[in-house]
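Observations on the three-dimensional arrangement
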Amino acid sequence: MSDENHNDNGTDRDVVEIPKTIELPRLLDFYELQDEAHTEIHEFYDNLRDGQLTTTQCRECGDLQFPPRIVCPECQSDDLEYVDLPHEGTLFAFSTLRAGAPIGMEDDVPFVVGVVDLGDVRLSARIDDAEYDDLEIGDPVRLKIVDIDGPTDQERVFYRFEPAEQ
C-alpha cells in the first residue's frame, strides 16, 4: 500500500475534515463528542477506534438495538452488553444526497447514503467510493471506519460502508 493511503495516526483509514471556517454550535455538530464525559455510549466509539462495529443487546430479554442504547426499549432493563456486528452486509436501499447534507458535509455532495442489512440489524450509513449508478439493491458492502477531523480537539471516529470486492 502506498504512503498516500496512510494518515498521521498510522492507520489506513481515511480522514474526513469538517471545514475549519465554520463555527459550529455543539448542537449542530453532526458527530457527537465520544468520550465518557460526553456520552454514555462511549464504548461504541472506543470499539470503532479499535476497528470493531458493535451495538448493545439486552441481557434480560435478548433485544438487539441499533444504535446502541443505555436502556432496553423493549423491557426497560439497563443490563445491556456490547456485541459485535458483522463488517460485511448488503445494500437494502440507497439514494444520492444532492442537497441538505449535514453541516460539514456540504462540500461532499452528491454522495450515496443507504440502508445496510447486516443480518440482525439494518442501519443507515454513507456509502463511500461508489456512484448511485454503480450500485444495486443486494450489493455486498463492507465497513469503512473514518477518523473525524473537526472543530474540537477530541479525536472522533465514525462508520461508513463501501462496496465489497466481488
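Anyway, here's the lowdown on the structure attached to this text. (Residues numbered from 1 in each chain as written. Predicted model: local features only at pLDDT ≥ 70, side-chain atom pairs only at ≥ 80, totals over all residues. Heavy atoms only, no water.)

1. Side note on the side chain of Arg126
- Positionally, Arg126 belongs in strand S7 (residues 122–127).
- There is a polar contact of 3.0 Å between the side chain of Arg126 and the side chain of Asp108.
- Within the local environment of Arg126, its side chain forms a polar contact with the side chain of Asp128, the two groups lying 3.2 Å apart.
- Residues in contact with Arg126, not counting those within four places in the same chain, are Met105, Asp108, Phe111, Val112, Val113, Arg160 and Phe161. (Helix = DSSP H or I, 4+ residues; strand = E, 2+ residues; numbered from the N terminus. Polar contact = N/O pair within 3.5 Å; in protein donor to acceptor, adjacent residues only side chain to side chain. Contact = heavy atoms within 4.5 Å.)

2. Here we look at the sheet that holds strand S4 (residues 80–84)
- Across the sheet, 3 strands lie side by side as S3-S2-S4; this open sheet has antiparallel pairing. Of all the strands in the sheet, just strand S3 (64–65) and S4 have a single pairing partner and so form its edges.
- Of the pairings in the sheet, the one linking strand S2 (residues 54–58) to S4 comprises 5 bridges and is antiparallel in character. Bridged to Thr55 within S4 is Val83. (Pairing = 2+ DSSP bridges.)

3. So, the side chain of Thr54
- For Thr54, the position within the fold is in strand S2.
- A polar side-chain atom of Thr54 sits 3.0 Å from a polar atom in the side chain of Asn47.

4. Examining the pattern of salt bridges
- In this structure the tally under the stated criterion is 12 salt bridges.
- Lys144 is the partner of Asp129 in a salt bridge, and the nearest nitrogen-oxygen pair spans 3.3 Å. Residue Asp129 is located in the loop between S7 and strand S8 (140–149), and its partner Lys144 is located in strand S8; the two are separated by 15 residues in the primary sequence.
- Relative accessible area serves as the criterion here: at 60%, Asp129 is assigned to the exposed category.
- Looking at Lys144, the relative accessible area reads 9%, which means it is buried.
- Three or more residues joined by partner-sharing salt bridges are found here, namely Asp14, Asp108, Arg126, Asp128, Asp129, Lys144 and Arg160. (Salt bridge = Lys/Arg side-chain N within 4 Å of Asp/Glu carboxyl O. Buried < 20%, exposed > 50% of the residue type's maximum accessible area, 1.4 Å probe, protein only.)

5. As for the environment of Thr96
- Assignment of secondary structure puts Thr96 in strand S5 (residues 88–97).
- Relative accessible area serves as the criterion here: at 18%, Thr96 is assigned to the buried category.
- Along the sequence, Thr96 and Ile127 sit 31 residues apart, while their C-alpha atoms lie 9.6 Å from each other.
- Contacts of Thr96, omitting those with residues within four sequence positions, involve Pro110, Phe111, Val112 and Tyr132.

6. Looking at the packing of aromatic side chains
- Tallied over the full model, the rule gives 7 aromatic pairs.
- A centroid spacing of 6.4 Å and a plane angle of 85 degrees characterise the contact between Phe44 and Tyr159, whose relative ring orientation is edge-to-face. Of this pair, Phe44 sits in helix H1 (residues 42–49) while Tyr159 sits in strand S9 (residues 156–163), placing them 115 residues apart in sequence.
- Where Phe158 meets Tyr159, the ring centres are 4.7 Å apart and the plane angle is 20 degrees; that geometry is what we call stacked. The exposure classification of Phe158 matches that of Tyr159, with both residues buried.
- Members of the aromatic cluster, joined through ring pairs, are Phe44, Tyr45, Phe66, Phe158, Tyr159 and Phe161.
- Here the basic side chain of Arg122 rests over the ring of Phe92, its NZ or CZ set 3.6 Å away from the ring centre.
- The residue whose ring lies beneath Arg126 is Phe111, and the NZ or CZ to ring-centre distance is 4.0 Å. (Phe/Tyr/Trp six-rings, centres within 6.5 Å; stacked < 30°, edge-to-face > 60°. Lys NZ or Arg CZ within 6 Å of the ring centre and 35° of its normal.)

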